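A look at the structure
Letter by letter, the chains look like this.
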Amino acid sequence: MHFTTVRLHLLRADFSKALRMQTSGHPACKLNLMQPNLLHATSSNITPVAHGHIAYQSDWIAVREYAVERAGARGIYAVVERPNSVVVVPLTPTRRTVLQKQLRFPTGASKWEFPMGATNPGELAADAAQRELCEEVGLCNVALIRLGNYCPMPGLSPQTATVFVAPVDDQKLDAAIRGWSPVEEITEVLAVSLADLPAMIGDGRITDGYSLAGLLLLKLWLDQRGDSHA
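A brief structural summary. Model, not experiment: these values are computed from the prediction. (Residues numbered from 1 in each chain as written. Predicted model: local features only at pLDDT ≥ 70, side-chain atom pairs only at ≥ 80, totals over all residues. Heavy atoms only, no water.)

Moving on, we come to the packing of aromatic side chains. Within this structure, the stated rule accounts for one aromatic pair. Here Y150 and Y210 contribute two aromatic rings whose centre-to-centre distance is 6.5 Å and whose plane-to-plane angle is 55 degrees, an arrangement assigned as tilted. With Y150 in strand β9 (residues 145–150) and Y210 in helix α5 (residues 209–224), the pair connects residues that are 60 residues apart, well separated along the chain. For Y210, a relative accessible area of 15% translates into the label buried. (Phe/Tyr/Trp six-rings, centres within 6.5 Å; stacked < 30°, edge-to-face > 60°. Helix = DSSP H or I, 4+ residues; strand = E, 2+ residues; numbered from the N terminus. Buried < 20%, exposed > 50% of the residue type's maximum accessible area, 1.4 Å probe, protein only.)

A few words now on α5. Side chains of residues three or four places apart in an α-helix project in the same direction, reflecting 3.6 residues per turn. With 16 residues, α5 ought to run about 22 Å at 1.5 Å a step, and its terminal C-alpha atoms sit 23 Å apart, in line with that. Residues of α5 that are buried: Y210, S211, A213, G214, L215, L217, L218, W221 and L222. The backbone nitrogen of Y210 has a side-chain oxygen 3.4 Å away, supplied by the residue at the start of α5, namely D208. Downstream of α5 by a residue or two, G226 has a phi angle that is positive, lying close to 80 degrees. (Expected span 1.5 Å × (residues − 1). Polar contact = N/O pair within 3.5 Å; in protein donor to acceptor, adjacent residues only side chain to side chain.)

Here the focus is the sheet that holds strand β8 (residues 116–118). Taking strand neighbours across the sheet as the criterion, the four strands line up as β8-β5-β10-β9 in an open arrangement whose pairing is mixed. Sheet topology places β8 and β9 at the edges, where each strand pairs with a single neighbour. Going from strand to strand, the sheet's axes swing by 20 degrees on average, the running direction of each strand aside. One ladder, built from seven bridges, connects strand β5 (residues 85–91) with strand β10 (residues 161–167); its direction is parallel. (Pairing = 2+ DSSP bridges. Axes fitted to C-alpha atoms, helices over the stretch in contact; angles between N-to-C directions.)

Structure below.
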């Protein structure tokens, strides 16, 4: 079996322009290169033979190419580096949560998602989650419970995502919804029962992988607490 050289082709001019539009006015949202040490990260299939070099970089992502060897053949493995991220699931005693409808440039579609975002350089995941929840939904100074973390795209990127639940009373949630105004590409927010989420997933209103993983971790947490009705 021949090892095929794989490169990530980007429409660099258009892509860079879109990223500049997204980061305009947000100087803190710069890429914090993780520079993973893959030179010694060997496996039975792929072995790095040289340190990687940056083939493409913007404010949000970098593509680092590694010379690798597989079954005696040489090739290139492209790794996407991007900031770690957080997902926050607000949750009321009546089992309601908040979703936000966000336009995503790569897909050209607006779908419902949990509040989420990238960590800034040096920022703790819990602090990033507090910031995103306050900026995007208007729920500020809410206690957080860490549910866990996962790797969204382990074959493409070393990025990790940390999921939090934010317990909040119904009155505070409703007040945040009433006082909300559009933020960047977020066009709507919605208070919804957890019981309604399976239907929204089934009919395609929720397709975001971060939200789906966040919902799974929430379900595991609720099951461990004995909240079988949720």
